[in-house]
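Below, each chain spelled out in residue letters.
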Amino acid sequence: MFEALNDAILSAAGSAWIYLLIVGIVFFDAFFPPFPSETVVVAAAALGVATGQPNVWFVILLAASGAIGGDNLTFWFGRKLGLTRFGWMRGARSVRAFDWARRGLDKRAGVLIITGRYIPVGRIAVNLTAGATGFSYRRFVPLSIIAGVSWSLYSVGVGVLAGAWFRETPLLGAAVAVVLAVVVGLLIDRITSARATETATTTPLSVTCR
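Analysis parameters
Residues numbered from 1 in each chain as written. Predicted model: local features only at pLDDT ≥ 70, side-chain atom pairs only at ≥ 80, totals over all residues. Heavy atoms only, no water. UniProt positions renumbered as here; feature names shortened; annotations may be inferred. Helix = DSSP H or I, 4+ residues; strand = E, 2+ residues; numbered from the N terminus. Expected span 1.5 Å × (residues − 1). Buried < 20%, exposed > 50% of the residue type's maximum accessible area, 1.4 Å probe, protein only. Salt bridge = Lys/Arg side-chain N within 4 Å of Asp/Glu carboxyl O.

The protein is annotated in an unreviewed UniProt entry as VTT domain-containing protein of Marisediminicola antarctica. The record in UniProt for the protein states the following under Subcellular location (unreviewed entry): "Cell membrane". Looking at the protein in UniProt, the text filed under Sequence similarities (unreviewed entry) is "Belongs to the DedA family."

Structure (structure tokens):
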């Protein structure tokens with residue numbers, strides 16, 4: 001999948017199709033994590049700074065738009081479907097993630113919604129839980145905008161740095177940018193998973209609606 005995706009990015013980099021690819025994958029990744037949105041954004045940004053195509057500013061705008069739209073749709077899914085409708089939602093890891101998100105929303109909703117955008121599975125858990133527990137949509141929208149814009153700037157920033165380092169070899173720059181993004185994502189996921197497990201074993205579950 002990653003090889004096919006990389007080929008698609010490289011073949012579309014010089015055309016307008018790359019912009020549709022960026023916004024589409026970022027949008028769907030908000031509720032379907034197999035879509036590697038970070039990979040697409042950082043690779044496109046690295047190629048953009050090294051070769052001039054795609055336009056980095058457009059990458060920032062479209063990545064932020066896709067993230068905001070996808071996160072708000074995930075919130076709506078949580079509001080309409082809840083957290084137990086499908087089998088994968090009742091799995092042990094999903095239950096721990098939802099419990100972690102519920103407690104976080106009770107204590108520090110703004111911080112969790114913004115930082116959750118940087119965690120592939122975490123953002124789904126946070127946004128679904130926010131919708132399912134009746135979190136105020138009027139509060140969620142501006143927080144999701146901040147989260148989407150900051151995540152877009154971060155992802156593009158990683159790509160720009162790698163592209164600048166390897167300006168003479170843009171493909172290598174894109175590959176390095178992807179590796180950096182994946183490593184950071186894995187580290188964040190490990191840290192938050194450990195904290196979620198620790199919290200689940202030390203704090204009784206409480207459900208609150210807003």
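There's more to say after this.
Enquirer: Let's hear about helix α3 (residues 37-51): which residues, and what values?
Expert: The terminal C-alpha atoms of α3 lie 21 Å apart, and with 15 residues this matches the ideal 21 Å at 1.5 Å per residue to within 8%. The buried fraction of α3 is high, at 14 of 15 residues. Positive phi shows up at glycine 52, right after α3, with a value of about 95°.

Enquirer: Break down the pattern of salt bridges for me, with residues and values.
Expert: The final tally for this structure, using the stated rule, is 4 salt bridges. Among the salt bridges present, the one from aspartate 71 reaches arginine 117, with a minimum N-O distance of 2.7 Å. With a gap of 46 residues between them, aspartate 71 in helix α4 (residues 56-81) and arginine 117 in the loop between α5 (92-116) and α6 (120-132) connect regions that are remote in the sequence. Of the residues examined, arginine 117 reaches a relative accessible area of 1% and is grouped as buried. Its salt-bridge partner being arginine 102, residue aspartate 99 comes within 3.1 Å of it at the nearest N-O pair. Note that aspartate 99 and arginine 102 are positioned in helix α5 at a spacing of 3 residues, about one turn of the helix. Residues aspartate 99 and arginine 102 agree in their burial class; the two are buried. Where salt bridges share partners, they join Asp29, Glu38 and Arg123 into one cluster.

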